[in-house]
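# Report on the structure
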Amino acid sequence: MTSHTSAKPSHYDQEAKYYDEFNESNSRAINRFLEKSLKSYQSKTVLDLACGTGSQLFWLANRGFDVTGCDINANMLKIARYKARKRKMDIQLIKGDMRTTYAGEFDAVITIFNAIGHLTKHDFEKALRNIHRNLKRGGIYLFDIFNLNYLIKNDRITTLTIDWLKHTGKTRMREIQYSTINQHGILASYTTSITWTNHGKPAKSTHSQTLQIYTAKQLREILTRNGFKVIRQCGIDGSRFSDNKTERFITIAAKR
Ligand SMILES: C[S@@+](CC[C@H](N)C(=O)[O-])C[C@H]1O[C@@H](n2cnc3c(N)ncnc32)[C@H](O)[C@@H]1O
């Protein structure tokens, strides 16, 4: 059986330098929804506990939110810091772990792009108790994750297969990835990456990772027993949640 362990701090060490090239434009739909939701709950101070290179941080800061970023990976944070400097934005960025870091009491905490999937179920509950501590009473925790009930059926896991080609300066990178999933919600992804320049020899590397994914019902139960009240579950663009149609969903919960 495929097993899953919580990601090590070094997990994104290699991926960091290509991360924005592959992922930043994919954040638009979720960022728009995030902004709209946080405004509707009158959240002003936002702690992003898995900020990565800042896909959500800069979007929210540009729209008037007071944001703080935290991530466990030094290389992802380095890129976020560089972007902040380049854009002359004064954003607090902390190296820390969503299971343990205390940064203050915020109106909202977010962890976006399957970030909680990097934790085991046990460690996700630990993170939830820490998120609770970082929120004001009535504060909001907003996060997304793949929908287990959707991906487990009808071989839909094949829709996650990717084949990307990107250019960064003179370097080209091709990334091919396929995934499997089991009944316990462990999604395993296998990636081959090839980088090359016009005259150089191609460099090939392979890696794999696992994510713990959940059903909407499992998350409602876990949040409820850790001091939260679930107030909304929907698609990442705010669409109505459907176990049969929603691939990745958002959960919004309030601190009780
Ligand atoms: C898929 S990336 C998402 C980054 C960003 N939110 C985005 O949408 O681009 C997941 C991030 O979670 C971070 N992460 C994984 N485990 C963590 C932990 N225990 N505490 C804090 N960050 C963690 C990783 O380092 C990585 O930057």
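To be clear, the structure that these remarks concern was listed above.
Read on for a plain summary of the structure. Owing to the predicted nature of the structure, the values given are computational and were not obtained by experimental measurement.

### Section: the nonpolar core
With 37 residues, the main nonpolar core has Phe 124, Tyr 141, Leu 187, Ile 213 and Leu 219 as its most contacted residues. Elements that contribute at least two residues to this core include exactly strand E4 (106–111), helix H5 (121–133), strand E5 (135–146), helix H6 (148–151), helix H7 (216–224) and strand E11 (248–255). Looking at this core, the element that brings in the most residues is E5, giving five residues. Counting residues in each nonpolar core, the second largest holds 28 residues, with Val 67, Leu 77, Met 89 and Ala 254 among its members.

### Observations concerning the packing of helix H1 (residues 16–23) against helix H4 (residues 74–86)
Helix-helix packing: each pair is described by the crossing angle between the helix axes and the interaxial distance. The N-to-C vectors of H1 and H4 enclose an angle of 65 degrees; their axes lie 8 Å apart at closest approach. Contacts between H1 and H4 involve Ala 16, Lys 17, Tyr 19 and Asp 20 on the former and, on the latter, Asn 75, Met 76, Ile 79 and Lys 83. Broken down by class, the residue content of the contact of H1 with H4 amounts to four nonpolar, one polar and three charged.

### Brief notes about helix H2 (residues 28–40)
Taking 1.5 Å of rise per residue, the 13 residues of H2 would be expected to cover 18 Å, and the 18 Å separating its terminal C-alpha atoms lies within 8% of that figure. All buried positions along H2 are accounted for by Ile 30, Asn 31, Phe 33, Leu 34, Glu 35, Ser 37 and Leu 38. Positive backbone phi, at 55 degrees, marks Gln 42, one or two positions downstream of H2.

### Some words on the packing of H5 against H7
Between H5 and H7, the shortest axis-to-axis distance is 10 Å and the interhelical angle comes to 50 degrees. In terms of axis orientation, H5 runs oblique to H7. Crossing of H5 against H7: the hand is right-handed. For the pair formed by H5 and H7, the contact residues are Lys 121, Phe 124, Glu 125 and Leu 128 on the first element and Gln 218, Leu 219, Ile 222 and Leu 223 on the second.

### Description of the environment of Arg 28
Mapping Arg 28 onto the fold places it in helix H2. A residue is classified by how much of its surface remains accessible, and Arg 28, at 45% relative accessible area, is partly exposed. When the C-alpha atoms of Arg 28 and Asp 237 are compared, they prove to be 9.3 Å apart, with 209 residues separating the residues in sequence.

### Quick word on the packing of aromatic side chains
All told, the structure shown has seven aromatic pairs when counted by the stated rule. Plain terms: the ring middles of Tyr 12 and Tyr 19 are 6.2 Å apart, the flat faces sit at 70 degrees to each other, and that makes the pair edge-to-face. Judged by relative accessible area, which is 18%, Tyr 12 ranks as buried. Under the relative-accessibility criterion, Tyr 19 is labelled buried at 11%. When the ring centre of Trp 59 is taken as reference, the NZ or CZ atom of Arg 63 above it lies at 3.6 Å. Here Arg 87 stacks its cationic end above the ring of Phe 58, 4.7 Å away from the centre of that ring.

About the criteria used
- Residues numbered from 1 in each chain as written.
- Predicted model: local features only at pLDDT ≥ 70, side-chain atom pairs only at ≥ 80, totals over all residues.
- Heavy atoms only, no water.
- Core = buried A, V, L, I, M, F, W, Y, C linked by side-chain atoms within 4.5 Å.
- Buried < 20%, exposed > 50% of the residue type's maximum accessible area, 1.4 Å probe, protein only.
- Helix = DSSP H or I, 4+ residues; strand = E, 2+ residues; numbered from the N terminus.
- Axes fitted to C-alpha atoms, helices over the stretch in contact; angles between N-to-C directions.
- Contact = heavy atoms within 4.5 Å.
- Nonpolar A, V, L, I, M, F, W, Y, C, P; charged D, E, K, R; others polar.
- Expected span 1.5 Å × (residues − 1).
- Parallel < 35°, antiparallel > 145°, perpendicular 65-115°, else oblique.
- Left-handed = near helix turned anticlockwise from the far one by under 90°.
- Phe/Tyr/Trp six-rings, centres within 6.5 Å; stacked < 30°, edge-to-face > 60°.
- Lys NZ or Arg CZ within 6 Å of the ring centre and 35° of its normal.

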